[in-house]
Amino acid sequence: MSTDQPAPKPRTIIEKVWDRHIVAERKGAPTLIYIDLHLVHEVTSPQAFSGLRERGLKVRRPDLTFGTTDHSIPTHDRNLPIIDKVAEAQITQFEKNCPDFGIPFYGPQSKKQGIVHVIGPEQGLTQPGMTVVCGDSHTATHGAFGALAFGIGTSQVEHVLATQCLLQSRSKTYQVRVDGTLKPGVGAKDIVLNLISRIGIGGGTGCVFEYSGSAIRSLSMEERMTICNMSIEAGARAGLIAPDDTTYEYLANRPFAPKGEAWDRALASWRQLPTDDGAVFDKEIFIDANTLEPMITFGTNPGMGIPITAAVPDPNAIKDPVERETLGKALRYMDLPSGIPLLGHPVNVVFIGSCTNSRISDLRAAAGILKGRKVNPNVRVMVVPGSQLIKEQAQAEGLDRVFRDAGADWREAGCSMCIAMNGDQLQPGEYSVSTSNRNFEGRQGKGGRTFLASPLTAAATAITGVVTDVRTMLGKN
Amino acid sequence: MEKFTKFSSRLAPLPIDNIDTDQIIPARFLKTISKAGLGDNLFSDWRYTGDGTPKPEFILNRPEGRAARVLLAGDNFGCGSSREHAPWALFQYGFRAVISTSFADIFRGNALKNSLVPIVVPEDKHKALFAAVEADPAAEVTVDLETQTLTLPDGSSVTFPIDEFARYCMIQGVDELGYILQLEPEIAAFESKRTLTINTLAEV
């Protein structure tokens with residue numbers, strides 16, 4: 001080996017994936033990067049397909065594009081008609097657009113239909129080192145595989161459909177290092193809610209997170225997806241986790257994963273991805289997993305989160321007038337007192353689902369708490385699997401019986417009450433504990449009030465009818 | 001895309017931080033397959049009561065807010081979802097610029113593709129703007145994209161950062177897709193060097 005060449009500059013995984021995808025760099029314009037996987041759904045694509053038709057363009061790479069119906073699709077029996085005619089028209093249009101442009105997709109009747117960020121990994125479409133985009137801000141979910149995955153607007157959906165490329169500016173790199181061991185009752189959702197409560201919902205703006213550290217390494221792929229999923233709630237463009245044996249074990253033999261020699265070649269390439277020793281991040285934060293408690297949000301953005309035993313903060317204790325008013329406005333909307341914990345606060349609905357927490361391990365965790373217990377009669381509990389395949393798996397394991405016997409509603413796959421576009425929604429003034437990702441005003445239905453938490457906390461709350469610390473229930477059923 | 005030209009306008013103040021896209025255009029209005037009609041539902045839950053009556057106190061329902069083409073908002077405007085329906089709704093309502101101390105990444109990108117200028121100003125200018133509009137609701141600002149200058153009601157001006165390429169596209173009234181399509185040889189060359197690890201069209 002020659003000694004007179006300078007050693008290559010150590011790079012983060014974020015820079016490595018970026019560098020592998022540069023198509024063109026022209027002065028005066030952002031970098032043109034190549035997109036390996038483009039996921040499309042019914043809500044943010046119709047105007048992009050219309051744009052293609054108006055310009056007489058085709059989809060350049062239908063073989064790198066995949067569609068599903070998830071946002072506006074009802075979660076009741078799929079043999080029933082869709083009551084909302086506007087939603088039905090949107091789904092019908094999607095079922096026309098995909099075949100018109102040669103794009104494979106899972107329609108409402110498909111046995112593999114599901115939430116776009118659930119089916120990509122489930123089918124082995126999401127792979128390490130890829131660039132993945134979708135007209136949905138939770139696309140960061142796919143970062144769990146070491147992919148650079150981010151949400152885009154409809155104009156960009158059209159750009160990618162037409163050219164398989166995007167104009168992008170390089171993001172800053174932000175290391176989120178989580179070391180230590182989680183205590184019982186504390187999980188991936190609590191890690192990410194803790195992160196967002198620390199850095200705020202704009203804390204990651206302009207950045208891509210790399211989650212690292214011993215606590216992240218010990219997580220399953222599904223737990224890693226929960227964390228990457230909520231990167232956008234801290235304002236980050238994307239969030240990813242370097243691939244390791246956990247990643248490869250999950251991915252091997254998935255339907256669209258490479259097989260045989262192609263797998264070996266891909267694996268050799270993926271093993272080059274992790275961040276080099278000595279690589280420098282633009283920003284860093286360290287979190288001690290040993291000290292984490294179950295988290296819950298009390299306000300109207302995902303950064304307004306606290307450990308479940310902690311008191312809701314008092315706006316009067318805040319000096320900055322705009323921050324004080326922002327917190328005060330949130331507590332008025334939520335109709336909550338400050339200075340005391342949320343523990344014991346009554347809820348009307350518990351929602352277990354969404355691209356954050358609807359995978360089989362989430363359902364198993366919730367069922368573990370609900371088994372042999374009954375849902376509080378004052379609470380409506382909806383369990384919405386992330387895909388029809390997860391639903392099938394859960395039924396094979398008898399989880400559906402656990403949910404039904406407890407008094408919960410067992411539904412078909414979709415985004416459901418996370419975004420409340422499909423008829424699943426809160427009534428004005430109602431409170432929910434929800435395993436989803438956003439607690440914005442009206443997010444789960446106009447006037448609805450959302451407490452974000454883990455599947456364990458949601459299940460515990462379903463039983464008591466009030467916000468509950470799951471640690472009081474562990475090992476007792 | 002509409003060509004962006006220099007203009008002067010009143011401001012509609014919304015002194016709230018972290019205004020998310022669910023407030024700008026609630027998800028129930030995203031079931032449409034066109035871009036039309038979104039402006040009527042801009043800030044729907046803040047603007048109308050449950051039965052659709054305009055709330056008289058909300059700025060867009062007040063005479064001084066109705067004439068504004070510039071929205072003056074709190075920090076981190078446009079956080080949340082990737083829905084381009086948010087800038088579509090703002091543009092259709094009549095806004096041509098939003099002023100804040102920062103914007104969420106996806107919203108900023110979407111706004112730039114729709115001739116809606118996201119103007120980032122320093123905190124002191126931000127405070128001065130809110131004070132100016134409170135003192136005189138008819139106070140005007142001037143937005144000049146050529147020079148990247150915002151002129152405040154007191155005649156002082158501040159330059160604002162904007163992506164050079166997006167600025168060019170807005171001034172010319174062209175969109176990015178035309179430019180990307182011109183790079184076809186580079187795209188084809190890139191594709192010819194790659195080994196694919198997926199094929200979504202494969203029978204699996």
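Within each chain, residues carry numbers counting from 1 in the order of the written sequence. The lettering of chains begins at A and the numbering of ligands begins at 1, in the order of writing. Note on the predicted model: pLDDT of at least 70 is required for a residue's local features to be given, and 80 or more for side-chain atom pairs to be given and counted; whole-chain, interface and lining totals, by contrast, use all residues.

(A) Main features of the overall build of chain A. Secondary structure elements are taken from DSSP: a helix is a run of H or I of four residues or more, a strand is a run of E of two residues or more, and numbering for both begins at the N terminus. Across its full length, chain A holds 15 helices and 19 strands. To get the radius of gyration, use the C-alpha atoms; to get the globule rule, take the number of residues to the power 0.38 and multiply by 2.2 Å. The C-alpha radius of gyration of chain A comes to 22 Å, within 12% of the 23 Å expected for a compact globule of 477 residues. A separation threshold of at least 6 residues defines the contact pool for chain A, and within that pool the share at least 24 residues apart is 78%. Note on contacts: residues are paired as contacts if their backbone-placed C-beta atoms lie within 7 Å.

(B) Quick look at the overall build of chain B. In terms of helices and strands, chain B carries nine helices and seven strands. A total of 204 residues make up chain B; the buried ones form 45% of that total. The contacts of chain B with a sequence gap of at least 6 include a subset with a gap of at least 24, amounting to 67%. With C-beta atoms placed from the backbone, a residue is buried if 20 or more other C-beta atoms are within 10 Å of its own, exposed if 12 or fewer are, and partly exposed between those counts.

(C) The arrangement of the confidence of the model for chain B in detail. In predicted models, pLDDT denotes the confidence assigned by the predictor to each residue on a 0 to 100 scale. Summing up the model confidence of chain B, the mean pLDDT is 96 and the portion of residues at 70 or higher is 100%. In the model output, the complex is listed with pTM 0.97 alongside ipTM 0.97.

(D) Seen up close, the sheet that holds strand 8 (residues 165-168) of chain A. In spatial order, the strands read 1-2-8 (chain A); together these three strands make up an open sheet with antiparallel pairing. Single-partner strands in this sheet number two, and they are strand 1 (22-24) and strand 8 of chain A. Sheet twist, expressed as the mean angle between neighbouring strand axes with direction ignored, is 45 degrees. Between any two strands, at least two bridges found by DSSP are needed for them to pair. Of the strand pairs in this sheet, strand 1 of chain A and strand 2 (residues 31-34) of chain A are connected by two bridges, and their pairing is antiparallel. Bridging across to strand 2 of chain A, A24 of chain A finds its partner in L32 of chain A. Across the sheet, helix 9 (residues 184-192) of chain B lies against strand 1, strand 2 and strand 8 of chain A, angled at about 150 degrees from strand 1 of chain A, the strand it touches most. Orientation is described by lines fitted to C-alpha atoms, with helices fitted over the stretch in contact, and by angles between N-to-C directions that extend from 0 to 180 degrees.

(E) How the structure looks around the domain arrangement of chain A. Residues and elements named next belong to chain A. Split by domain assignment, chain A resolves into domain 1 (13-270) and domain 2 (295-472). Using C-alpha coordinates to define each centre, domain 1 is positioned 24 Å away from domain 2. Each partner contributes residues to the interface: domain 1 has 39 residues there, and domain 2 has 36 residues. Considering every element that reaches the side of domain 1 that touches domain 2, the biggest residue donor is helix 6 (residues 188-199), with six residues. Broken down by class, the residue content of the side of domain 1 that touches domain 2 amounts to twelve nonpolar, 17 polar and ten charged. Start and end positions for the domains come from either an automated domain assignment or a database one. Residue polarity follows a fixed list, in which Ala, Val, Leu, Ile, Met, Phe, Trp, Tyr, Cys and Pro are nonpolar, Asp, Glu, Lys and Arg are charged, and the others, Gly among them, are polar.

(F) Highlighting the sheet that holds strand 19 (residues 449-452) of chain A. Residues and elements named next belong to chain A. Here five strands make up an open sheet; going across it, the order is 17-16-15-18-19 and the pairing parallel. Two strands bound the open sheet, and with one partner strand each, they are strand 17 (409-410) and strand 19. Bridge analysis of strand 18 (residues 431-434) against strand 19 gives four bridges, and the strand direction is parallel. Counterpart to V433 in the pairing with strand 19 is F451.

(G) Up close: the pairing of strand 16 (residues 380-383) of chain A. All names here are of chain A. Bridging between strand 15 (residues 349-352) and strand 16 involves four bridges; their strand directions are parallel. Bridging across to strand 16, I352 finds its partner in V383. Where the polypeptide runs from strand 15 across helix 12 (residues 360-370) and back to strand 16, its parallel neighbour, the crossover connection is right-handed. Relative to strand 17, strand 16 runs parallel, the two sharing two bridges. In the sheet register, M382 faces strand 17, and the bridge partner there is D409. A right-handed crossover is one whose linking path, passing over the helix from the first strand to the second, runs clockwise when the strands point away from the viewer.

(H) Geometry of the interface of chain A and chain B. Contact residues are listed per partner, giving 66 residues for chain A and 49 residues for chain B. At six residues, the largest contribution of residues to the side of chain A that touches chain B is made by helix 5 (residues 154-163) of chain A. Of the residues assigned to the side of chain A that touches chain B, the class counts are 32 nonpolar, 24 polar and ten charged.

(I) Examining unusual backbone geometry more closely. Phi is positive for S416 of chain A, which is not a glycine, with a value near 55 degrees. Even without glycine at this site, S115 of chain B takes up a positive phi of about 60 degrees. Along the chain, the position of S115 of chain B falls in the loop between helix 5 (105-112) and strand 4 (117-120).

(J) Geometry of the pairing of strand 4 (residues 65-68) of chain A. All names here are of chain A. Across the two faces of strand 4 the burial is the same, with T65 and G67 and F66 and T68 all buried. Pairing of strand 4 with strand 5 (residues 105-106), which is carried by two bridges, proceeds in the parallel orientation. The residue bridging G67 from the neighbouring strand is F105, located in strand 5.

(K) Looking closely at the packing of helix 12 of chain A against helix 14 (residues 399-406) of chain A. Residues and elements named next belong to chain A. One can describe the packing of helix 12 onto helix 14 by two numbers: an axis separation of 9 Å at closest approach and a directional angle of 45 degrees. By the criterion of interaxial angle, the relationship of helix 12 to helix 14 is oblique. In terms of crossing hand, the pair formed by helix 12 and helix 14 is left-handed. Each of L363, R364, A367 and L370 in helix 12 lies in contact with helix 14, whose residues at this interface are L399, V402, F403 and A406. Taken together, the residues of the contact of helix 12 with helix 14 sort by class into seven nonpolar, no polar and one charged. When an angle is under 35 degrees it counts as roughly parallel; over 145 it counts as roughly antiparallel; between 65 and 115 it counts as roughly perpendicular; any other value is oblique. Here a crossing is taken to be left-handed if its near helix is turned anticlockwise relative to the far helix by less than a right angle, and right-handed if that turn runs clockwise.

(L) Looking closely at the environment of I340 of chain A. Mapped onto the elements, I340 of chain A comes out in the loop between helix 11 (321-334) and strand 15. For I340 of chain A, the contacting residues outside a window of four places in its chain are A311 and V312 of chain A.

(M) Broad picture of the packing of helix 6 of chain A against helix 8 (residues 221-229) of chain A. Residues and elements named next belong to chain A. Close contact between helix 6 and helix 8 brings their axes to 8 Å; oriented N to C, the two are set at 20 degrees. As summarised for this structure, helix 6 and helix 8 are arranged roughly parallel, according to the angle between their axes. Note on packing geometry: the crossing formed by helix 6 with helix 8 is right-handed. Counted together, A188, K189, I191 and V192 of helix 6 and E223, T226 and I227 of helix 8 form the full contact between these two elements. Considered class by class, the residues forming the contact of helix 6 with helix 8 number four nonpolar, one polar and two charged.

(N) A look at helix 11 of chain A. Residue and element names in this part refer to chain A. Any helix carries an expected span of 1.5 Å times its number of residues minus one. Between its first and last C-alpha atoms helix 11 spans 20 Å; for 14 residues at 1.5 Å apiece the expected length is 20 Å, and the two agree. When helix 11 is considered as a whole, its buried residues turn out to be T326, L327, A330 and M334. Seen from one end, helix 11 has its buried residues packed into an arc of 90 degrees, which puts them on one side. The outward face of helix 11, more than 90 degrees from its buried face, is lined by the exposed residues P321 and R332. Buried residues in helix 11 make contact with strand 19. A positive phi of about 50 degrees marks D335, the residue just after helix 11. What the arc covers is the set of directions going from the helix axis to the C-beta atoms.

(O) Highlighting the environment of P455 of chain A. Residues and elements named next belong to chain A. Positionally, P455 belongs in helix 15 (residues 455-464). You can call P455 buried: it has 30 C-beta atoms within 10 Å. Sequence separation between P455 and Q113 is 342 residues, and the spatial gap between their C-alpha atoms is 22 Å. The contacts of P455, once residues within four sequence positions are left out, are I352, N357, D362, A365, A366 and T435.

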